[in-house]
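Chains, contacts and geometry: an overview
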There are 2 protein chains.
Amino acid sequence: LFGLGAIGRGIGRLAAQRQEIEIAGAVDIAPELAGRPLAEVLEMEAPGLVENDAAAALARAKPALVLHATGSYLPDVLPQLLTCARAGANVVSTCEELSYPYKRHVELAKQLDAEARAGNMTMLGTGVNPGFVMDTLAVVLSGVCQEVEHVRLLRVVDVATRREQLQRKVGAGLTIEEFKARAAGGRFGHVGLQESCWLLAEALGWRLDSLEERLEPEPGADGLARGQRQTAVGKIGERTVIEALVLMAAGAEARDDIELRGRPPVHMTIEGGVAGDTATAAVVVNAARRVLDARPGLITMLDLPPITGVGSR
Amino acid sequence: LFGLGAIGRGIGRLAAQRQEIEIAGAVDIAPELAGRPLAEVLEMEAPGLVENDAAAALARAKPALVLHATGSYLPDVLPQLLTCARAGANVVSTCEELSYPYKRHVELAKQLDAEARAGNMTMLGTGVNPGFVMDTLAVVLSGVCQEVEHVRLLRVVDVATRREQLQRKVGAGLTIEEFKARAAGGRFGHVGLQESCWLLAEALGWRLDSLEERLEPEPGADGLARGQRQTAVGKIGERTVIEALVLMAAGAEARDDIELRGRPPVHMTIEGGVAGDTATAAVVVNAARRVLDARPGLITMLDLPPITGVGSR
């Protein structure tokens, strides 16, 4: 386990419950976690103590696979991923920008792929979004289409039902001016929307000429932002082929919705939406077996057979 | 192209439109089709003449892959599949019982796998149902679940909007007595519901102790059957873990619906349902590329990365 924040702890708890998984070690860079029993951090039975030094922990534990959940931005987590590659440990990471890094981080993607191959390991970025509801699921649904003309992706999350950390992350409670200032400052908003669109475009054989993303406050009745409205529009020439909207706001009617215009058309809805944190832990842990069987290198969800949940006993 | 009935012609028309596919030959066992231009049968531009002798056609054309659509029951189409295996041609087949043959046809499945490996070819049974809406899609959705307790699968088809052949196939217009007599005679009703359940159970790691299927008439206002209601219930011990219903009836409200009870729960609906024949042709043709890249042997949809549609140019 590499990373023991909210998501990493969820992953750790699920891994600790899975019969086929033996936890070989746990790493987090937070100094205050070093030396603490993992069982205490996860609040359930789990072996060993948390360590700060990933390279040392990997050398000692020699895990087959690392479940990595430390950050959204690839440049930030790159050294951690390289440490895993050089230790020859396969990686499933929640890093949003790793889910399809070939556009935003061309050179880093090449470096990661080369190092992964050199380490004879496989590296995958996934999760529920990006990784599932706005990309893999749309790709899978396209399998029933002879031709796809246009894809509309919608994810609505009611942040009032989610972690306070997420509520802050989407700007709930900010004034519209504060929201806009933060948006202008960068590193704000949902990470991975473009990655989802790029992955989908690759799957459908579309070369996008443009992919424009916008981040706006979603105003509440009190005039404050109740969250964010983030859109991406992908075009081939003047033709819009992908329209994606992530609406994360307090009180929004949660759902996932995918509409493929094509032959035949497909319109899918998941009522209430796929629950964020629980599902992210699920996708990451469920992916482990498939990643162990995959070819070495940097891969995406397009390379893997279905990641499956586990039926209860 | 092997099989030029309604589904086979749909597959042929899609294949003829795909840039990456070159049609190397067309076979149908119907004597009246022999020697007819394929273009005439498909009603679009396509090369060559239809042949009756599959072995001869395969020996001449040496196709990389056969798109096979001749029948629902594995024992019937087995000689055709073996002919393909011995010619070393990969196969994507619409044969419903081939989609998961390991339970209903244990020995035939072993034989097919052995012959496929010997021929260094890959063999897949797929389509929209079985193959997608009541199995693969549920499996893919389970990827967001930490644990799955129960799966409910529902497919409703309004046969009034479909081929007359399908309306007859589901018993629309029969008296209730006629329907029951036909049901008792076997080879009636949707083929593949058990196969879908078995594939899903394998994906979730469930060993079903029982899987009971029932076929009943769906009565209309006039007292005649307007179609069929087919159910399957899979149990582990006394616990019901899979409930599947295929309702195919004139005037039914078409939809596909999958409900996973688990952590988190997932409830997906495709309004109007995935259109049957168009989608079957799509799945089969879209699967071709993935099957060419797959390991030799008899495989299922669980072995393949996502089958994807093609974005329009």
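Residues numbered from 1 in each chain as written. Chains lettered and ligands numbered in written order. Predicted model: local features only at pLDDT ≥ 70, side-chain atom pairs only at ≥ 80, totals over all residues. Heavy atoms only, no water.

Description of the sheet that holds strand β5 (residues 122-125) of chain B
Strands belonging to one sheet form pairs held by backbone hydrogen bonds; the direction of such a pair is parallel or antiparallel. Residue and element names in this part refer to chain B. Formally: When DSSP finds at least two bridges between two strands, those strands are taken to pair. Labels follow the DSSP assignment, with helices taken as runs of H or I lasting at least four residues and strands as runs of E lasting at least two, numbered in each case from the N terminus. Working convention: axes come from line fits to C-alpha atoms, limited for helices to the stretch in contact. Angles between N-to-C directions cover 0 to 180 degrees.
Across the sheet, 4 strands lie side by side as β3-β4-β5-β12; this open sheet has parallel pairing. Of all strands in the sheet, those bounded by a partner on one side alone are β3 (65-68) and β12 (297-299). Neighbour-to-neighbour, the strand axes of this sheet turn through a mean angle of 15 degrees, independent of strand direction. With 3 bridges joining them, strand β4 (residues 90-93) and β5 adopt parallel strand pairing. Within the sheet, the bridge partner assigned to V91 lies in β5 and is M123.

What to know about unusual backbone geometry
Residues and elements named next belong to chain B. Cis rather than trans, the peptide bond between N129 and P130 has omega equal to 0 degrees. Tracing the backbone shows P130 in the loop between β5 and α6 (136-142). In the segment running from R263 into P264, the intervening peptide bond is cis, with an omega of -10 degrees. Its place among the elements puts P264 in the loop between β10 (255-263) and β11 (266-271).

What to know about the relation of the copies chain B and chain A
Both copies of the chain are tied together by a single rotation about an axis and a shift running along it. Put simply, the rule reads: Residues reaching a pLDDT of at least 70 in both copies supply the C-alpha atoms on which the copies are superposed by least squares. Here, two residues are considered to be in contact whenever any of their heavy atoms come within 4.5 Å of each other.
Superposing chain B onto chain A requires a rotation of 180 degrees together with a translation of 0.0 Å along the rotation axis, leaving an RMSD of 0.0 Å. What we have between these two chains is a two-fold relation. Residue B:P305 of chain B places its C-alpha closer to the rotation axis than any other residue of that unit, at 1.9 Å. Interface overlap between copies is the fraction of interface residues in one copy that are interface residues in the other; for chain B against chain A it reaches 100%, indicating a shared surface.

Brief notes about the environment of A:I242
Residues and elements named next belong to chain A. Rules: Each residue's exposure class comes from its accessible area (1.4 Å probe, protein chains only) as a fraction of the maximum for that residue type: buried when under 20%, exposed when over 50%, partly exposed otherwise.
Within the fold, I242 resides in strand β9 (residues 239-249). Exposure remark for I242: the relative accessible area of 0% places this residue in the buried category. Between the alpha carbons of I242 and H150 there is a distance of 5.9 Å; along the sequence they are 92 residues apart. Once residues lying within four places of it in the same chain are set aside, the contact partners of I242 are V151, L153, C197, L200, A201, W206, L208, A232, V233 and G234.

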